[in-house]
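Structural characterization, general
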Amino acid sequence: MASIQQRLPENVPGDFFVDTSCIDCDTCSQLAPAVFRDHGEQCSVYHQPENEADTRLALMALVACPTGSIGTTKHHDAHIGIDAFPSLIAENVYFCGFTSESSFGAWSYLVVRPDSEGGNLLIDSPRFATQLVKRIEKLGRVKQMLLTHRDDVADHELFRKKFGCERIMHADDGASKLGVERVIEGDEPVQLDNDLLIIPTPGHTRGHVVFLYRNKFLFTGDHLAWSPTRETLTAFRSVAWYSWAKQIESMAALASYDFEWVLPGHGSLHHDTSENMRYHLQSCIAWMKTR
Ligand code: SF4
């Protein structure tokens, strides 16, 4: 619960505010960019919502914030933000909201599909919040939990306990230690079912993988994201914990796949044609080689 006494001085006056507990995960500025912005080491409100749509997005950011750092001085119906999640991105792919502090506010996603197609997929772990869990239950529970890498596992054990889902993760990120049911090994892609491919992408961590769904949705963890400032795909040199050189190699290997969506754990998501994505990926690789 955000504290008005700890309200950051960077907030503009008015109803919504961010307090000093903000960890600068950027979830709010991505979700409600007309209201929140990153002013440096933290985020704050730079423009109070003036219409229903922006108020709804600000309330969604309040719910999604991993540290409860967003508050309001006026009363709002909490369900406006809570019931918005999982929030539809496109087709049968949803953003879960309810990010977790233990994964530094990483975004997680839900793919809703019938059992005949393999059942629902949870990609990385949101916070195990009762309201979200109930809504996921209504959407058909979770059949498999796909973990991109060790940083974004958050409440994976609680989801496993609740839904009995099979967790899938690469051996080189400590999957066995975490008790994961299906451990992926090596550098070769693994076809999980007709629609789902696991592609190892070592770099950010040694056992990092991305998941390609229907040759359209690429769940990229901390490997690849969109840069709104450079308006192209990007990667994060400062957090290449394992090897930047390996991450460049992994990026180059992605060039042989088609995808139209980049859905990261951190950083902005992006939608474009597969041709344009291919162009942006090449531009990202060239840029990475200069870092
Ligand atoms: S979502 Fe919360 S922790 Fe993340 S930047 Fe916004 S206020 Fe800070």
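Here is a short report on the structure shown in this document. (Residues numbered from 1 in each chain as written. Predicted model: local features only at pLDDT ≥ 70, side-chain atom pairs only at ≥ 80, totals over all residues. Heavy atoms only, no water.)

**Section: the pairing of strand β15 (residues 217-221)**
- With respect to burial, β15 is a largely interior element, five of its five residues being buried.
- The alternating pattern of β15 places Phe-217, Phe-219 and Gly-221 on one face and Leu-218 and Thr-220 on the opposite face, and all of these are buried.
- Across three bridges, the pairing between strand β14 (residues 209-213) and β15 is antiparallel. The residue of β15 that forms the bridge with Tyr-213 is Phe-217.
- A loop of three residues connects β14 with β15, the two strands running antiparallel in sequence, and Arg-214 in this loop sits at a positive phi of about 55°.
- Inspection of the sheet shows β15 paired to strand β18 (residues 261-264) by four bridges, in the parallel sense. From the neighbouring strand, Gly-221 faces β18, where its bridge partner is Pro-264. (Buried < 20%, exposed > 50% of the residue type's maximum accessible area, 1.4 Å probe, protein only. Helix = DSSP H or I, 4+ residues; strand = E, 2+ residues; numbered from the N terminus. Pairing = 2+ DSSP bridges.)

**A few points about the side chain of Thr-232**
- Here Thr-232 lies in strand β17 (residues 232-234).
- Take Thr-232: its relative accessible area is 6%, and that puts it in the buried class.
- Of the polar contacts made by the side chain of Thr-232, one reaches the side chain of His-280; its length is 2.9 Å. (Polar contact = N/O pair within 3.5 Å; in protein donor to acceptor, adjacent residues only side chain to side chain.)

**A few points about a negative patch on the surface**
- A grouping of Asp-172, Glu-185, Asp-187 and Glu-188 is seen on the molecular surface, where their side chains present a negatively charged patch.
- Secondary-structure assignment places Asp-187 in the loop between β11 (182-184) and β12 (190-193). (Patch = residues over 30% accessible without salt bridge, like charges linked within 9 Å, V, L, I, M, F, W, Y side chains within 5 Å. Areas by Shrake-Rupley, 256 points an atom, 1.4 Å probe, with all protein chains shown as cover. Salt bridge = Lys/Arg side-chain N within 4 Å of Asp/Glu carboxyl O. Lys, Arg positive; Asp, Glu negative; His and termini not counted. Charge placed at Lys NZ, Arg CZ, Asp CG, Glu CD.)

**Structural notes on the packing of helix α6 (residues 244-253) against helix α7 (residues 274-288)**
- Contact geometry of α6 with α7 gives a least axis separation of 10 Å together with a crossing angle of 160°. As judged from the angle between their axes, α6 and α7 are roughly antiparallel. In the packing of α6 onto α7, the handedness of the crossing is left-handed. Along its contact with α6, which presents Trp-244, Gln-247, Ile-248, Met-251 and Ala-252, the element α7 presents Leu-281, Cys-284, Ile-285 and Met-288.
- The residue makeup of the contact of α6 with α7, split by class, is eight nonpolar, one polar and no charged. (Axes fitted to C-alpha atoms, helices over the stretch in contact; angles between N-to-C directions. Parallel < 35°, antiparallel > 145°, perpendicular 65-115°, else oblique. Left-handed = near helix turned anticlockwise from the far one by under 90°. Contact = heavy atoms within 4.5 Å. Nonpolar A, V, L, I, M, F, W, Y, C, P; charged D, E, K, R; others polar.)

Treat this as a map of the structure, not an account of what it does.
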